[in-house]
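Structural characterization, general
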Amino acid sequence: MRILGSGLSRTDIEGALRELVEGLFRNIPSGVGSHRKDLRLSRAELKRVLQHGAQWAVAQGYGVQRDLDHTEEGGCLAGAQPDRVSDRALERGRAQLGSLGSGNHFVEIDYVAEIYDAPVAHALGLFRDQIVVTLHTGSRGLGHQVCDDSLKTMQRATTQYGIAIPDRQLCCAPLTSPEAHAYIGAMYSAANFAFANRQLMTHWVRETFEQVLQRPPRDLQFEVIYDVCHNIGKFEMHPVGGEIRRLCVHRKGATRALPPGHEQIPAVYRDLGQPVLVPGDMGRYSYVLIGTAQGGIETFSSSCHGAGRALSRTQAKKSARGRPIARELEDRGIYVRSAGRATLMEEIPEAYKDVSEVVDVVHGAGISRKVAQLRPLGVIKG
Amino acid sequence: MPAEPDRAAIYTLVEHTADLGIVVYGEDMGTLFAHAAWALFDVISDATTIEPRRRLPITLDAMDRADLLVRWLGELLYVYDTQRFLCCDATFSVLEPTRLEAIIHGEPLDESRHPIDTEIKAVTYHQIAVEQVGTHWQAQVIFDV
C-alpha cells in the first residue's frame, strides 16, 4: 500500500479528472492476469528486482532517492534470497511486474477532505483539498506461487516437527529451521517485488499527470508520503514482560503501525510515528493514521489495514446486478474505470463496512491516531 | 461433460464474507477430481463456455488425498496463470491417494467467449476435506480470492 502526495489542489485538476483516470488506466495495466508488454525482464534481472526491491526501480530511473527515504525499510527488505524463489514463481512474476492485478487492488485519485491532526498532517506533507494518489497492489502471481510452494514444504515440516495444528492451512515450522529460513528468504523476495511494483507505478502516475495536465514535475511535486507492505511476517523489537525482545510479527488483514521513536521507521518520520494507510471503499473515504506508543504496548504495533467486507462477493454482485455502478459513482463525482466486468460489482461501496467506524474504534482504542481523511475522485479497479 | 450440465450435481458454492469455496460431488475419485477442475473454472469464468479443444498432461505426487486435491487445483491454477489455459474436464490414467496422472481438456482463454468473473489467488488447505458419503465422494476446498 502506498500514498503519494502532490502539490496540486482539487481546483488544479478540475475538468481533467476523466482524462487523468483514462490515462492511468492506459498506463498501468490492470485486470486478471494483467502484464506489461514493454517490461519483459530476463531471469537474472528479475532476481535483481527480488534482491533490491524499489531500489532496483529507482536505479533504473523509475523515481528518485527521496521516494526510498519515505518507504518502509527503504523499499528493500534485507534478507531476501531470490534463489529460494522457485522457477514457477519467477515465471508467474516475470510478466506481471508493473501491473495492478484485480480484485481489491486499485489506483485512486483522492483529495484530502479532513485534517484531524494538523501538526502531523503538515509533517507528512498533507494539506486540505490536496490531490493525493493511493496505490494498492502487491507481489502478484509471484507471491501467490511463493505461498503455494511453501505450503507444500510446510505440510511435510508440520508432520516432521510433530506440530499439532487445528487447520492444515496453518502448517508451519520452527523459525530457526531450514524450512523457515528458506520461506523467509522467498517471502522477502516477494515483498521486494511488491515494493518495486509500486515504485514503477509511482513513476507512471507522475508521467500520466505530466502528460494530461501538461505541467512539469516541479509543478506537480508528486512525493511518496509512505509505502508499507501488509500481510507479511516481520522481525521487530517489542517489549515483552518488561524486556525488549526480537519478535516475528505476522500481520494478516493488518498493517504495521510503529510508535514514535521506533528505529524501523524511516528517519524523516521517526519522531512522529509510522504513517498508517487505511483504504475504505471506492465510494466513501480512506484514512491516514499515525502509529502510537499505546499500539506498541497493546498490539505489537499493529493496526487494521482496511474496512473489511460487509457483503460476500456473490451478495455484492446480487445487490449490484442491473445497476449502472459506474454512473452511480459518477453522480457522486467519482469517475471509475475497471478492467473486469465483475470487479465493480464486487467492489460496490456497500460491500464494505463503513471504514470511518472501523478507524474510530482504532483511534478510540489508541492503537493508531487519525491524521486525515481522503475522499475518492477517480478510481481504477483491476 | 454434457453441454448443459447440472451445476448443483457437480458443486455448490460456499461463501462467507471474505472466503470463497466449493463443495464438490462425484461418484468416484475420478469424477470428483474432474468435477473439482470444472468447478474451479466455473468460479473463474463460466465452465459451460470452455470447449475441450486441447489436452495437456499433468502428473502430481502428494502426501494424501486432501493434499492431492489441493495440489491438483493449484496446478490447474498455475497452468491458467502462465498459459491462460482453461480446463473443463480431465481423465485419469492413475489416481491413487498420493499420486495422479491426468490429461486435462480445455482451451486457451478467449476473452470474446470466456467471461472472467473472479481472480483466484490460491487454493488453500483451510478446512480441506475429502470424504466418502455413502457410495459417493465429496470434497470441500476454500480459495484465496
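The following paragraphs examine the structure supplied in this document. (Residues numbered from 1 in each chain as written. Chains lettered and ligands numbered in written order. Predicted model: local features only at pLDDT ≥ 70, side-chain atom pairs only at ≥ 80, totals over all residues. Heavy atoms only, no water.)

1. Comments concerning the interface of chain B and chain A
What counts, and what does not: By the convention used here, residues are in contact when the closest approach between their heavy atoms is within 4.5 Å. Buried area is a sum: the accessible area each of two parts loses on coming together, probed at 1.4 Å, counted once for each and added. Only one rule defines a salt bridge in this text: a Lys or Arg side-chain nitrogen within 4 Å of an Asp or Glu carboxyl oxygen. Between N or O atoms, a polar contact is any pair within 3.5 Å; within protein, one atom must be a potential hydrogen donor and the other a potential acceptor, and residues adjacent in sequence are included only when both atoms are from side chains. Secondary structure elements are defined from DSSP: runs of H or I of at least 4 residues count as helices, runs of E of at least 2 residues count as strands, and each element is numbered from the N terminus.
Each partner contributes to the interface: chain B provides 31 residues, whereas chain A provides 32 residues. For the chain B and chain A pair, buried surface summed over both sides reaches about 2800 Å², with 47% attributable to carbon and sulfur atoms. For the chain B face of the interface with chain A, the top three residues by lost area are B:Tyr78, B:Glu119 and B:Tyr125, together amounting to 23%. Counting the contacts that link chain B with chain A gives 3 salt bridges. A:Arg168 is the partner of B:Asp64 in a salt bridge, and the nearest nitrogen-oxygen pair spans 3.2 Å. There are 10 residue pairs in polar contact (both at pLDDT 80 or more) connecting chain B and chain A. Those elements that provide at least two residues to the side of chain B that touches chain A are β1 (11-15) and α3 (65-83) of chain B.

2. Quick look at the layout of surface pockets
The condition is simple: Here a cavity means grid points, on a 1 Å grid over the protein atoms only, where a 1.4 Å probe fits yet cannot get out; a pocket means an open set of points with protein on both sides within 12 Å along at least five of seven lines; lining residues are those with an atom within 4 Å of a point. Grid points are joined across faces, edges and corners, and a volume is the space filled by probe spheres set on the points. Note on residue categories: nonpolar means Ala, Val, Leu, Ile, Met, Phe, Trp, Tyr, Cys or Pro, charged means Asp, Glu, Lys or Arg, and polar means any other residue, Gly included.
A volume near 460 Å³ is recorded for the second largest pocket. Forming the boundary of the second largest pocket are 20 residues, of which A:Lys317, B:Leu13, B:Asp42, B:Val43 and B:Asp117 lie nearest the centre. Breaking the lining of the second largest pocket down by element, the ones donating at least two residues are α11 (313-320) and α13 (343-346) of chain A together with β1 and α2 (29-44) of chain B. Among the elements that make up the lining of the second largest pocket, the one with the highest residue count is α11(A) (4 residues). Grouping the amino acids of the lining of the second largest pocket by side-chain chemistry returns 6 nonpolar, 3 polar and 11 charged.

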